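# A structural walkthrough
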Amino acid sequence: MATSTLEALSTVNHWINGASVDTGSGRTGTVWNPATGEQHAQVNFAGVAEVDAAVAAAKAAFPAWRATSLSRRAEVMFKLHALIVENRDQLAQIISTENGKTLSDAAGEIARGLENIEFACGVPQMLKGAYSEQASTGVDVYQIRQPLGVVAGITPFNFPAMVPLWMLGNAIACGNTFVLKPSEKVPGASMFLAQLAAQAGVPKGVLNVVNGDRVAVDRLLEHPDVKALSFVGSTPIARHIYETGTKNGKRVQALGGAKNHMLVLPDADVNMAADAAVSAAYGAAGERCMAISVVVAVGNVADPLIAAITERIGKIKVGPGNEKSSEMGPLISKEHRDRVASYLDHAKNEGATIHVDGRKDAAMKSNGFFLGASLLDNVKPGTKCYTDEIFGPVLSVVRMKTYNEALKLINDNPFGNGTAIFTQNGGAARQFQFDVEIGMVGINVPVPVPVAYYSFGGWKSSLFGDLHMYGPEGVQFYTRSKVVTSRWPDPASSKVDLGFPQTR
């Protein structure tokens, strides 16, 4: 059974070769509404057959799409951008319903995703090669960039639209065909985007979506026709994706977890730093790989900063994401909510001070997967609350005496995704950006996610692979270079030369 209409999402199928396709695996999963604790939809899980069908459709579509002119590909990206803008309210509603985040946060996610489609609209500029005339007498050398073929993306639950848009825009605009495996917890946004892409003129087979679990992931990792794979998720899975994919001869970029530190120096504007810490720690219920999870307070700034953060936490309205008054929604599942809440018990046992206990928030009494904002003080390096990526609305404060001690703490952390410094001293900020061993740095900016014409990615255990996500490095990831050496000799003077090519 297949249809190409924007279907109701009570049952979520797959998008293969331009149509919604039912599953043959017989396996399904539940899509929850985190705000109510009730089932929102059922998602059909792909087996090996469905993944193979999606890859086959992508492989069949590749020759014609690769041969499509750059101007036509850009035109399709412009149309996709316009359709996403036109349907952004409906897309935000899907995200809020399945993920739990507020409608305003969902709208912000869509806006940042749209930046990547805007970047992809300029792919003719990005794919310009290089040309060297007369590299040797009568010889020209030039470099061109060509698509890889069938590429795949595996995306997380916390950004159901933005992360797929990080990948599919550049991949398709560069001439590849794409197979997307979104999180089975939030399949609706990817299906909606696939249908918008079809309306924009993306040919059948160029963009495919397979929903499911590890069965689908493992098949994509081993499938010989998948040439490259992009992933965003936790560090253990990112490491597995990278090692398995590269072992099978694929190009892989796998973004892992984070433990992002916000360094606050004694001269910082306390109110500005407190606003930043609250928005960066509790936005999207802390379910962001770029969330600030540790504030490193240097010297005497700790007490006034904690007081200011505590005051602001008391004003956060926790509730269903589709209610305009809500500033923070639920977590993705009951199991995840309970796991995050358990860190508060660990904190107490490990000697930390619980300044604000999110388990006491009124929203916890509902059937949804809510947890209020929590604030921990006197957290010690090496404890569970400090070491683990909690991925929820729990902010830890670590007190340090000096800048050098704080810098060492940040650099010694195995993660290297994002960091921020809050100070009014330009020299200190510049020294920090020079010293810190982190991939993305904010100066008085708490969540330094790069704009789409730069690239996103961390260092150390936050990234497996050589190239970051989206932007210029995204174009580089989804293409490979070919160097051509050309000579058109005068036939009258043509002769055979068996020697090694020389330029002098």
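That block above? That's the structure.
These lines cover the structure that appears in this document, whether it is placed above or below. (Residues numbered from 1 in each chain as written. Predicted model: local features only at pLDDT ≥ 70, side-chain atom pairs only at ≥ 80, totals over all residues. Heavy atoms only, no water.)

Check the secondary structure of the protein and you find 16 helices and 24 strands. For a compact globule of 504 residues, the expected C-alpha radius of gyration is about 23 Å, and the protein comes in at 25 Å, within 12% of that figure. The C-alpha extent of the protein, read off along each of the three principal axes, is 85 × 60 × 40 Å. When the 504 residues of the protein are sorted by exposure, 57% land in the buried category. (Helix = DSSP H or I, 4+ residues; strand = E, 2+ residues; numbered from the N terminus. Rg over C-alpha atoms; globule rule 2.2 N^0.38 Å. Buried < 20%, exposed > 50% of the residue type's maximum accessible area, 1.4 Å probe, protein only.)

Okay, a nonpolar patch on the surface next. Together, V451, Y453 and Y454 give the surface a local cluster of nonpolar side chains, amounting to about 340 Å² of exposed area. Mapped onto the elements, V451 comes out in the loop between β21 (440-443) and β22 (459-460). (Patch = residues over 30% accessible without salt bridge, like charges linked within 9 Å, V, L, I, M, F, W, Y side chains within 5 Å. Areas by Shrake-Rupley, 256 points an atom, 1.4 Å probe, with all protein chains shown as cover. Salt bridge = Lys/Arg side-chain N within 4 Å of Asp/Glu carboxyl O.)

Following both chains from N to C, one finds helix α1 (residues 48-67) and helix α8 (residues 214-222) inclined at 45°, their axes separated by 9 Å at the closest point. Compared by their axis directions, α1 and α8 come out oblique. α8 is crossed by α1, and the crossing has right-handed handedness. Here α1 contributes V48, V51, D52 and V55 to the contact with α8, which in turn contributes V215, A216, R219 and L220. When grouped by side-chain class, the residues that make up the contact of α1 with α8 number six nonpolar, no polar and two charged. (Axes fitted to C-alpha atoms, helices over the stretch in contact; angles between N-to-C directions. Parallel < 35°, antiparallel > 145°, perpendicular 65-115°, else oblique. Left-handed = near helix turned anticlockwise from the far one by under 90°. Contact = heavy atoms within 4.5 Å. Nonpolar A, V, L, I, M, F, W, Y, C, P; charged D, E, K, R; others polar.)

With that out of the way, let us pick up the pattern of salt bridges. By the definition in use, this model includes 21 salt bridges. Among the salt bridges present, the one from D52 reaches R219, with a minimum N-O distance of 2.6 Å. Within this pair, whereas D52 is found in helix α1, its partner R219 is found in helix α8, the two being separated by 167 residues in sequence.

On to the environment of R430, then. Note on placement: R430 falls in helix α15 (residues 426-435). For R430, a relative accessible area of 55% translates into the label exposed. Taking C-alpha positions, R430 is 8.7 Å from I443, a pair spaced 13 residues apart along the chain.

Structurally, the position occupied by G372 is in the loop between β16 (353-356) and β17 (374-377). For G372, a relative accessible area of 1% translates into the label buried. Distance from G372 to I144, taken between C-alpha atoms, is 53 Å for residues 228 residues apart in sequence. In contact with G372, other than residues within four places in its own chain, are V318, M328, G358, D361 and P393.

Looking now at the sheet that holds strand β2 (residues 11-12). An order of β2-β6-β5 is seen for the three strands of this open sheet, with the pairing classed as mixed. Every other strand in the sheet has two partners, leaving β2 and β5 (28-33) as the edge strands with one partner each. Across two bridges, the pairing between β2 and strand β6 (residues 38-44) is parallel. Looking across to β6, one finds that T11 is bridged to Q42. Docked against the sheet, helix α3 (residues 88-99) engages β5 and β6, running at close to 100° with respect to β5. (Pairing = 2+ DSSP bridges.)

With that settled, consider the packing of helix α2 (residues 70-86) against helix α7 (residues 188-200). With their axes 8 Å apart at the nearest point, α2 and α7 run at an angle of 130° to one another. Viewed along their axes, α2 and α7 adopt a mutual orientation that is oblique. Of the two possible hands of crossing, α2 and α7 adopt the one that is right-handed. On α7, the residues that touch V76, K79, L80, L83 and I84 of α2 are L193, L196, A197, Q199 and A200. Considered class by class, the residues forming the contact of α2 with α7 number eight nonpolar, one polar and one charged.

With respect to topology, three strands assemble into an open sheet ordered β7-β8-β24, the strand pairing being antiparallel. The sheet terminates laterally at β7 (130-136) and β24 (479-487), the two strands that pair on one side only. In this sheet, adjacent strand axes meet at a mean angle of 25° when their direction is disregarded. Taken together, the nine bridges between strand β8 (residues 139-147) and β24 define a ladder with antiparallel strand orientation. Pairing of D140 across the sheet is with S486, part of β24.

Once that is clear, we can look at the packing of aromatic side chains. Counting across every chain of the model gives eight aromatic pairs. Every member of this aromatic cluster is reached through a ring pair, and the members are W166, F456 and Y470. (Phe/Tyr/Trp six-rings, centres within 6.5 Å; stacked < 30°, edge-to-face > 60°.)

Looking now at the pairing of strand β10 (residues 177-181). Every other side chain in a regular strand lies on the same face of the sheet, so the side chains alternate between the two faces. Taken across its five residues, β10 has five buried, putting it largely inside the fold. Of the two faces of β10, the one carrying T177, V179 and K181 and the one carrying F178 and L180 are both buried. Relative to β10, strand β9 (residues 150-154) is paired through five bridges, and the arrangement is parallel. Note that in β10 the partner of A152 across the bridge is V179. Crossover handedness for the path β9 to helix α6 (residues 162-173) to β10: right-handed. Viewed along the sheet, the connection from β10 through α7 into strand β11 (residues 207-209) turns out right-handed. (Right-handed = clockwise from strand over helix to strand, strands pointing away.)

To continue, consider the nonpolar core. Core analysis: the biggest nonpolar cluster contains 69 residues, and L80, I84, L91, W166, F178 and F456 have the highest contact counts within it. Broken down by element, the residue count for this core peaks at nine residues, all from α6. In contact with F178, other than residues within four places in its own chain, are V151, A152, G153, M167, L168, A171, I172, V206, L207, N208 and Y478. In terms of nonpolar packing, the next biggest core, distinct from the first, is built from 65 residues, V264, A341, Y403 and V436 among them. (Core = buried A, V, L, I, M, F, W, Y, C linked by side-chain atoms within 4.5 Å.)

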